[in-house]
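What follows is the residue order along each chain.
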Amino acid sequence: MAGRFAPSPTSALHLGNLRTALVAWLLARRTGRDLLLRIEDLDQQRVAAAPEVAAGQVADLLALGLTFDGPIVRQSQRLPRYAAAVAQLPTYECFCTRREIAEAASAPHGDGYRPYPGTCARLTASERARRRRDRPPALRVRAGGAVETVTDLLAGQMSAVVDDFVVVRNDGVPAYNLAVVVDDVAQGIDQVVRGDDLLSSSPRQAWLTRQLGGSVAQYLHVPLAVNAEGRRLAKRDQAVTLAELTTRGINAGRVLSLLAHSLGLAGPDEPVRAADLIGRFEPQQLPRAQWVAPQW
Ligand code: GLU
């Protein structure tokens, strides 16, 4: 039984990411689980700065008092596992561009994701051979219009039709939805805490989990952090990383107090340690609204 926190080393963690990490840690500790740390660096595997960014993320989590179990896993070191999983799945080559999908598909979902309309599902071998000359294919899994229901501790039950989603991108990199599920199954993850921008991915991932012989995790999607304008918090917002806050005299301890207060677990500016919060934490009582991060 384990939870996990799985950042991508694109840039330093901001307050919203740190707050989600705190929730992941509290839920795992409260429920007697290990918490594993996985660096999702498939996109960044060719970027020289990625290891330093990842090291900074780990340092920031530790500075807040969040502890992790077992070795840190890096997706870039697990490519053979993803290939082995893809080999077990019914897949087909897809040559569609984003534009073609946008033109053929129904309206995008609220999160901008367009379910795949199945254009390439029935290409003949000779059509595929011809199309391969123009463009390398992505691989999609045949989901057969399955409907999958997941249960989220905050959002409740959610059902969705699973489309034939991409499992290997057309640059050969395993797709996020594939890698995340392969790792969650391999690592025995039965509790997934992350930002609620990924809530709509969870039926797809739950379905794939079962295809790969795993059991579906308990989910908790944390409402996103936004800036004063109501836009999703991003690194470009001022003073949202631990390093930036430290230069303004706001140390990790104060950041932890701020995050704990934002989760309804501490009074304003109440000095706390992460371990103090475990006993106060009730997942059902987490705020369900987006969190407006303060600005300095
Ligand atoms: N690596 C993803 C991200 O940083 C999170 C994946 C997950 O938790 O499922 O957005």
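Residues numbered from 1 in each chain as written. Predicted model: local features only at pLDDT ≥ 70, side-chain atom pairs only at ≥ 80, totals over all residues. Heavy atoms only, no water.

How do you make sense of the overall build of the chain when you look at a structure like this?
Looking only at helices and strands, one finds 10 helices and 12 strands in the chain. Radius of gyration (C-alpha) of the chain: 20 Å, near the 19 Å computed for a compact globule of 296 residues. Across its three principal directions, the C-alpha atoms of the chain cover 65 × 35 × 35 Å. Counting every position in the chain, which comprises 296 residues, the buried fraction comes to 49%. Within the chain, residue pairs in contact and separated by at least 24 positions form 76% of the contacts whose partners lie at least 6 positions apart. A distance of 4 Å separates the average location of the 35 positive side-chain charges in the chain from that of its 30 negative side-chain charges. (Helix = DSSP H or I, 4+ residues; strand = E, 2+ residues; numbered from the N terminus. Rg over C-alpha atoms; globule rule 2.2 N^0.38 Å. Buried < 20%, exposed > 50% of the residue type's maximum accessible area, 1.4 Å probe, protein only. Contact = heavy atoms within 4.5 Å. Lys, Arg positive; Asp, Glu negative; His and termini not counted. Charge placed at Lys NZ, Arg CZ, Asp CG, Glu CD.)

Looking at this structure, I do not really get the site of the ligand. What am I missing?
Close contacts around the ligand come from Arg4, Ala6, Pro7, Ser8, Glu40, Tyr176, Val180, Arg194 and Leu198, and that covers them all. Contacts to the ligand include Arg4, whose side-chain N or O atom sits 2.7 Å from an oxygen atom. Take Glu40: an N or O atom from its side chain is 2.6 Å from a nitrogen atom of the ligand. If the ligand stood free it would expose 300 Å²; the protein chains cover 77% of that surface. (Near = heavy atom within 4 Å. Polar contact = N/O pair within 3.5 Å; in protein donor to acceptor, adjacent residues only side chain to side chain. Areas by Shrake-Rupley, 256 points an atom, 1.4 Å probe, with all protein chains shown as cover.)

Which parts of the structure should I look at to understand the packing of aromatic side chains?
One pair of aromatic rings is described through two measures. These are the centre distance and the angle between the planes. In this structure the tally under the stated criterion is two aromatic pairs. Judged by centre distance (6.5 Å) and plane angle (40°), the ring pair of Tyr92 and Tyr116 falls under tilted. Within this pair, whereas Tyr92 is found in strand 4 (residues 91-94), its partner Tyr116 is found in the loop between helix 4 (98-104) and helix 5 (125-132), the two being separated by 24 residues in sequence. Look at Tyr116 and you get buried, because its relative accessible area is 7%. Centroid distance Phe165 to Trp207: 6.2 Å. Interplanar angle 80°. Geometry classified as edge-to-face. Of this pair, Phe165 sits in the loop between strand 7 (156-161) and strand 8 (166-168) while Trp207 sits in helix 7 (residues 202-211), placing them 42 residues apart in sequence. Each member of the pair, Phe165 as well as Trp207, carries the same accessibility label: buried. Note that Arg140 overlies the ring of Tyr116, its terminal NZ or CZ placed 3.6 Å from the centroid. Between Arg204 and the ring centre of Tyr113, over which it is positioned, the NZ or CZ distance is 3.7 Å. (Phe/Tyr/Trp six-rings, centres within 6.5 Å; stacked < 30°, edge-to-face > 60°. Lys NZ or Arg CZ within 6 Å of the ring centre and 35° of its normal.)

Would you mind going over the pattern of salt bridges with me for this structure?
Pairs can form between side chains of opposite charge whenever their charged atoms are close. Applying the stated criterion across every chain, the model contains 20 salt bridges. Of the charged contacts, one joins Asp69 and Arg29 as a salt bridge, the two residues approaching to 3.0 Å between their closest N and O atoms. Residue Asp69 is found in the loop between helix 2 (50-63) and strand 3 (73-74), and its partner Arg29 is found in helix 1 (residues 15-30); the two are separated by 40 residues along the sequence. The network of salt bridges with shared partners includes Arg4, Arg38, Glu40, Arg78, Asp183 and Asp184. (Salt bridge = Lys/Arg side-chain N within 4 Å of Asp/Glu carboxyl O.)

Teacher, can you tell me more about the side chain of Asn177 here?
Along the polypeptide, Asn177 turns up in helix 6 (residues 176-186). A polar atom in the side chain of Asn177 sits 2.9 Å from the side chain of Gln205. Contacts of Asn177, omitting those with residues within four sequence positions, involve Phe165, Ser201, Arg204, Gln205 and Leu208.

Is there a simple way to explain the packing of helix 1 against helix 9 (residues 252-262) in this structure?
Any two packed helices are characterised by how steeply their axes cross, that is the angle between the axes, and by the distance between the axes. With their axes 10 Å apart at the nearest point, helix 1 and helix 9 run at an angle of 70° to one another. Taken together, the axes of helix 1 and helix 9 lie roughly perpendicular to each other. When helix 1 is examined against helix 9, the residues Leu15, Leu18, Arg19 and Leu22 are found in contact with a partner set consisting of Val255, Leu256, Leu258, Leu259, Ala260 and Ser262. Residues belonging to the contact of helix 1 with helix 9 are distributed by class as follows: eight nonpolar, one polar and one charged. (Axes fitted to C-alpha atoms, helices over the stretch in contact; angles between N-to-C directions. Parallel < 35°, antiparallel > 145°, perpendicular 65-115°, else oblique. Nonpolar A, V, L, I, M, F, W, Y, C, P; charged D, E, K, R; others polar.)

Would you mind going over empty space enclosed by the protein with me for this structure?
Which parts of space are left empty comes out when a probe the size of a water molecule is rolled across the atoms. In this structure the tally under the stated criterion is one cavity of 30 Å³ or more. A volume near 30 Å³ is recorded for the largest cavity. (1 Å grid on protein atoms, 1.4 Å probe; cavity = no way out; pocket = protein on both sides within 12 Å on 5 of 7 lines; lining within 4 Å. Points joined across faces, edges and corners; volume = space filled by probe spheres on them.)

Explain the packing of helix 3 (residues 79-88) against helix 6 to me, please; I cannot follow it from the model alone.
The geometry of helix 3 relative to helix 6 is characterised by a closest axis approach of 10 Å and an angle of 100° between their N-to-C directions. With respect to helix 6, the element helix 3 is oriented roughly perpendicular. Listed contacts from helix 6 to Arg81, Tyr82, Ala85 and Val86 of helix 3 are Leu178, Ala179, Val182, Asp183 and Ala186.

Could you clarify how one ought to interpret the nonpolar core in this entry?
Where a protein is soluble and globular, its nonpolar side chains tend to be buried together. Formed by 48 residues in total, the largest nonpolar core has its most connected members in Leu61, Leu64, Leu66 and Leu220. Looking at this core, the elements that each hand over two or more residues are helix 1, strand 2 (34-39), helix 2, strand 10 (218-222), helix 8 (242-247), helix 9 and helix 10 (274-277). Ranked by residue count, the leading element in this core is helix 1, at 10 residues. Non-local contacts of Leu66, meaning those with residues more than four positions away in its chain, are made with Ala21, Leu22, Trp25, Leu61 and Ala274. In terms of nonpolar packing, the next biggest core, distinct from the first, is built from 21 residues, Ala85, Val86, Val181 and Leu208 among them. (Core = buried A, V, L, I, M, F, W, Y, C linked by side-chain atoms within 4.5 Å.)

Shape descriptors only; they carry no functional weight alone.
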